[in-house]
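Analysis of the macromolecular model
Take a look at the letters that make up each chain.
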Amino acid sequence: MSGALAELDDRELLARHAAGDRDAFGLVVERHRDRLWRVALRTLGNPDDAADAVQDALLSAYRAAGSFRGDAAVTTWLHRITVNACLDLVRRKASRPSVALDDELDHADDVAAPDLLGERETAAEILAALRQIGPEQAAAVVLVDVEGFPVAQVAEMLDVPVGTVKSRCARGRARLAALLGHLGNPPPAASVEPPNANSDASSPEDDS
Amino acid sequence: MSDGPAAANHLSLDALAELEEGIASDAGALTSHLDGCAVCRERAGQLRASRALLSALPPEPMPADVASRIEAALAAEPAPAAAFSPRGDIVPLRGRRTWWRGPNIAAAAAGVAVLALGAALLIGHLGSKSPAESAAKNGNRPATGPLGAATAPNPLKQWQTGRDYNLTNLAALATGIVIGDPPPFPGAQTQAGAQPSPSPATRSNSLAAASYSRDALRDPAIVYACAALLASHPVQPIAIDYANFNGAPADILVLPGLSNPATKLAVYIIPTACSDSAPDLVYHQVDRPVTGPR
């Protein structure tokens, strides 16, 4: 049974799922979960939140598979649901500010200290930086620069115009470059302020 | 939005990123500044370096504990088809298409002969569970038609109560048309006398538009085709009421529950024509009455 299912493409699996096949959705999850995990993890910058968001997203997808619009690619559809789940989660957390938020910011400051870092630490720093730039810009940068999706497809995933994806990417990259500057190969020239001296990464240009 | 690229000022990371992305409004000026400014080229290098860091991030599989937690959460969900409305809320089925490509009931009706076979097979399985023994005496059973033989054991209960269904009373009223026996009404088998006792306020403008499909649906074969279209597979509809929903004409079509035919009822509210892509088609799942016919 599931051997035959494995032959089907995602779209057919969703149709099977909507028609009552209990095994079909599991295959869709298997095919997509690693990438959805990465996107959520890097959009949110926090594994606990990412686990919650991906779970919410896959439950939504499970429930909404019957209304899946066949004109969208399943990949696009799942990413859209996942990014929405991430944004929802951030909104929910923002609506009840907590100690955790302060902790995260403190932590981010800690890791922004220049140091000699291994690959693991580098990944952790990038995660902290992504968390600092906020989920909207992080999602755009992650989908385009990390996952390599075309801008047009990301626009569909984020449900925004292509121009918005581009400007979110540009702003997100600029802020990430400021936050991660010390990780780059050459140390910044002496005439350029160290990027992390400016805690408000949105205006790193005030160095005249 | 960024600092002007005056000669004295270096370019911001924002401006450089916009330039690189091709969305800088003053690309020419930025580029010529960049050409003559080592500091800004350095900065552009910083931008590229952080992008390189991103694209070099290692692939990270979902941790096993997260994967199994999600698997458990999905396993706890009601069976897939119930998933349209796990908490009983109304879900618009906009654009819902599966392997039924037919956009409307006319296309579906063309497939009736095929459906008839499927329905007959299905009824073979469901026959003992379906309500119905009494509806036959009401004369609703089609004398002819492609599904006549197949539907004989479990005729469709056709109602025209003219009642106004809404989200609050839907479960009770839908259950009612499954349990009860419709009174005989003229025009059940023909298109004559098909006016459902209208409430004048709600049935003025839309009546003409609605009448085609509403009359057409009185042929049980077409109701079957509609049910198969909505359920995405041949299924035996239990009852239909030509009535209203939230004050507007609508056909209330009740099928065996898609997740569990024995314990659930699937209720579709069909506003105008039977189409799985109608924007205002809604689906609702309710519990089968425990005292209901088996």
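Residues numbered from 1 in each chain as written. Chains lettered and ligands numbered in written order. Predicted model: local features only at pLDDT ≥ 70, side-chain atom pairs only at ≥ 80, totals over all residues. Heavy atoms only, no water.

1. Focus: the overall build of chain B
Helix and strand content of chain B: 10 helices and 7 strands. Considering chain B as a whole, with its 294 residues, one finds that 52% of them fall into the buried category. Summarising the internal contacts of chain B: among those between residues at least 6 apart in sequence, 64% fall at separations of at least 24. Surface exposure of chain B reaches about 12400 Å², of which carbon and sulfur atoms provide 60%. (Helix = DSSP H or I, 4+ residues; strand = E, 2+ residues; numbered from the N terminus. Buried < 20%, exposed > 50% of the residue type's maximum accessible area, 1.4 Å probe, protein only. Contact = heavy atoms within 4.5 Å. Areas by Shrake-Rupley, 256 points an atom, 1.4 Å probe, with all protein chains shown as cover.)

2. Regarding the overall build of chain A
Counting secondary structure elements, chain A contains 10 helices and 0 strands. The helix and strand sequence of chain A, counted from the amino end, reads α-α-α-α-α-α-α-α-α-α. A burial count over chain A gives 53% of its 208 residues as buried. Pairs at least 24 apart in sequence give 62% of the contacts found in chain A among residues at least 6 apart.

3. Examining the packing of aromatic side chains
Residues and elements named next belong to chain A. Summed over all chains, the structure comprises 1 aromatic pair over all chains. Measuring from ring centre to ring centre gives 5.2 Å for F25 and Y62, while their planes differ by 80°; the resulting arrangement is edge-to-face. One end of the pair, F25, is in helix α3 (residues 24–44); the other, Y62, is in helix α4 (residues 47–64), and 37 residues separate them in sequence. Y62 matches F25 in its accessibility class, with the two residues each being buried. (Phe/Tyr/Trp six-rings, centres within 6.5 Å; stacked < 30°, edge-to-face > 60°.)

4. Describing the nonpolar core
What tends to happen in soluble globular proteins is that the nonpolar side chains get buried as a cluster. By size, the foremost hydrophobic cluster in this structure holds 39 residues, and its most contacted members are L14(A), W37(A) and W77(A). Those elements giving two or more residues to this core turn out to be α2 (10–18), α3, α4 and α5 (74–95) of chain A together with α4 (64–75) of chain B. The element that contributes the greatest number of residues to this core is α3(A), accounting for 10 residues. Excluding residues that lie within four positions of it along the chain, W77(A) makes contacts with L14(A), A61(A), A64(A), A65(A) and F68(A). V39(A), L87(A), L158(A) and V165(A) belong to the second-largest nonpolar core, a separate cluster that totals 30 residues. (Core = buried A, V, L, I, M, F, W, Y, C linked by side-chain atoms within 4.5 Å.)

5. Quick notes on the pattern of salt bridges
Going through the model one piece at a time under the given rule, you end up with 15 salt bridges over all chains. Residues E60(B) and R42(A) are paired through a salt bridge, measuring 3.2 Å at the closest nitrogen-oxygen approach. Placement of the pair is E60(B) in the loop between α3 (38–55) and α4 and R42(A) in helix α3, with the two residues belonging to separate chains. Accessibility expressed as a relative area gives 30% for E60(B), which makes it partly exposed. (Salt bridge = Lys/Arg side-chain N within 4 Å of Asp/Glu carboxyl O.)

6. A look at α3(A)
All names here are of chain A. Across its 21 residues, α3 extends 29 Å between first and last C-alpha, which sits within 8% of the 30 Å expected from 1.5 Å per residue. At H32, α3 shows its largest bend, some 50°. Burial within α3 is extensive, with 15 of its 21 residues counted as buried. Positioned one or two residues after α3, G45 has a phi angle of 70°, which is positive. (Expected span 1.5 Å × (residues − 1). Bend = angle between axes of the 7 residues up to and from the residue.)

7. Some thoughts on the pairing of strand β6 (residues 264–270) of chain B
Residue and element names in this part refer to chain B. Among the 7 residues in β6, 6 count as buried, and that is most of the element. Inspection of the sheet shows strand β5 (residues 248–256) paired to β6 by 6 bridges, in the antiparallel sense. If you follow P256 over to β6, its bridge partner there is L265. Two elements, β6 and strand β7 (residues 282–287), share 6 bridges in a ladder whose sense is antiparallel. (Pairing = 2+ DSSP bridges.)

8. Describing the confidence of the model for chain B
All names here are of chain B. Of all residues in chain B, 54% have pLDDT values of 70 or greater, and the mean over the chain is 65. Every residue in residues 1–7 is under pLDDT 50, and counting partners more than four places away or in other chains gives 17 contacts. Interface scoring of the predicted complex returns ipTM 0.77; its pTM is 0.52. (pLDDT = per-residue confidence, 0-100.)

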